[in-house]
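Per-entry structural report
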Amino acid sequence: MGTDAQRVICWRGRNVRFTYLEERDAELIHRWQSDPLIAHEAGFLPRALSACRERIERDIDNQSRDDFLVLLEDGTPIGHIALTEQEYVDGWGEVCLVLDPAWRGQGYGTDAVDALVDFALGELPLYRVEAFTHLTNAAALGALAKSGFVQEGVRRGACMHRGSRHDLAALSLLRPEWEALTRPRAWDHG
């Protein structure tokens, strides 16, 4: 996929940039969600492009979530990251990441999660950030651990995929744990 230099960069990581998710991103998001590996790992059901487009339109107006397209420095889109289920009264939200398989294993997932966590705990009044993934999703578990997340439990049989039930790892990062991290913050990157 080509670059899109006209996108407004609203947040930065070490090597990734965030731009707001827009309706024009529907075909790209649909392609990623239609990938069998991503569908299994993230628990997506096959949907028509029109349904993906409608979901993006609805999510853009949803005040309890922030959706971003993850870009490389040159503008190449490599993923979609979101902070969903934001609950300001109790102070928590959930991190969701879909990374194009071609860009995995290069540290971009950890970079994107770090940047989103900095947004959630450094800019918003959240105290806790959660994430859920299959127990067999070693890449996601590794990226979340590198970002400081701690596995706090297992949601047994919480996901149905290909006729079988799968357990999900429940992970979280609390504000004091994030504050204790010695890594640079998103705002240190430019």
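Residues numbered from 1 in each chain as written. Predicted model: local features only at pLDDT ≥ 70, side-chain atom pairs only at ≥ 80, totals over all residues. Heavy atoms only, no water.

Here we come to the sheet that holds strand β5 (residues 92–99). Read from one edge of the open sheet, 8 strands run β1-β2-β3-β4-β5-β6-β8-β7, paired in mixed fashion. At either end of the open sheet lies a strand with only one pairing partner, and these are β1 (9–12) and β7 (150–161). With strand direction ignored, the average angle separating the axes of adjacent strands in the sheet is 30 degrees. Contacting β1, β2 (16–20), β3 (66–72), β4 (77–87), β5, β6 (128–134) and β8 (164–174), helix α4 (residues 108–122) crosses the sheet at an angle of about 30 degrees to β4. (Pairing = 2+ DSSP bridges. Helix = DSSP H or I, 4+ residues; strand = E, 2+ residues; numbered from the N terminus. Axes fitted to C-alpha atoms, helices over the stretch in contact; angles between N-to-C directions. Contact = heavy atoms within 4.5 Å.)

In this structure, the second largest pocket encloses a volume near 210 Å³. Residue lining of the second largest pocket: 13 residues in total, with Asp59, Ile60, Arg65, Asp66 and Asp67 positioned closest to the centre. (1 Å grid on protein atoms, 1.4 Å probe; cavity = no way out; pocket = protein on both sides within 12 Å on 5 of 7 lines; lining within 4 Å. Points joined across faces, edges and corners; volume = space filled by probe spheres on them.)

Glancing now at the state of the cysteines. Tallied over the entire structure, the rule returns 0 disulfides. Considering cysteine sulfurs only, Cys159 is the nearest to Cys96, which forms no disulfide, with 13 Å between them. Relative accessible area serves as the criterion here: at 11%, Cys159 is assigned to the buried category. (Disulfide = S-S within 2.5 Å. Buried < 20%, exposed > 50% of the residue type's maximum accessible area, 1.4 Å probe, protein only.)

Another point: the environment of Leu174. Looking at the element boundaries, Leu174 is found in strand β8. Residues Leu174 and Asp188, spaced 14 residues apart in sequence, show a C-alpha to C-alpha distance of 21 Å. Residue contacts for Leu174: discarding those within four places in its chain leaves Leu121, Tyr127 and Arg128.

Helix-helix packing is described using two parameters, namely the angle between the two axes and the distance between the axes. Interaxial distance between helix α1 (residues 26–34) and helix α3 (residues 49–60) falls to 9 Å at its minimum, and their mutual angle equals 115 degrees. Considering the relative orientation of α1 and α3, their crossing is right-handed. The segment α1 lies against α3, with Ala26, Glu27, Ile29, His30 and Gln33 engaging Leu49, Cys52, Arg53 and Ile56. Among the residues making up the contact of α1 with α3, the classes are represented as 5 nonpolar, 2 polar and 2 charged. (Left-handed = near helix turned anticlockwise from the far one by under 90°. Nonpolar A, V, L, I, M, F, W, Y, C, P; charged D, E, K, R; others polar.)

Take the pairing of β6 next. Burial within β6 is extensive, with 5 of its 7 residues counted as buried. When β5 meets β6, the two strands line up parallel, connected through 3 bridges. Across the sheet, residue Trp92 finds its bridge partner in β6, namely Arg128. Tracing the backbone out of β5, into α4 and back to the parallel element β6 gives a crossover that is right-handed. (Right-handed = clockwise from strand over helix to strand, strands pointing away.)

All right, on to the environment of Cys10 then. Among the structural elements, Cys10 can be located in strand β1. Accessibility expressed as a relative area gives 23% for Cys10, which makes it partly exposed. When the C-alpha positions of Cys10 and Pro184 are compared, they lie 18 Å apart, and in sequence the two are 174 residues distant. With near-sequence residues (within four places) excluded, Cys10 lies in contact with Phe18, Thr19, Tyr20 and Phe68.

Here we come to the pattern of salt bridges. Counting across every chain of the model gives 13 salt bridges. The shortest N-O distance in the salt bridge between Arg7 and Asp25 comes to 2.9 Å. With Arg7 in the segment before β1 and Asp25 in the loop between β2 and α1, this residue pair connects regions lying 18 residues apart in the sequence. Using a relative accessible area of 9% as the deciding quantity, one classes Arg7 as buried. Of the charged contacts in the structure, one is a salt bridge between Glu152 and Arg128, with a shortest N-O distance of 2.3 Å. Within this pair, whereas Glu152 is found in strand β7, its partner Arg128 is found in strand β6, the two being separated by 24 residues in sequence. On the accessibility criterion, Arg128 (22% relative accessible area) is partly exposed. (Salt bridge = Lys/Arg side-chain N within 4 Å of Asp/Glu carboxyl O.)

So far we have only geometry, and geometry alone does not tell us how the molecule works.
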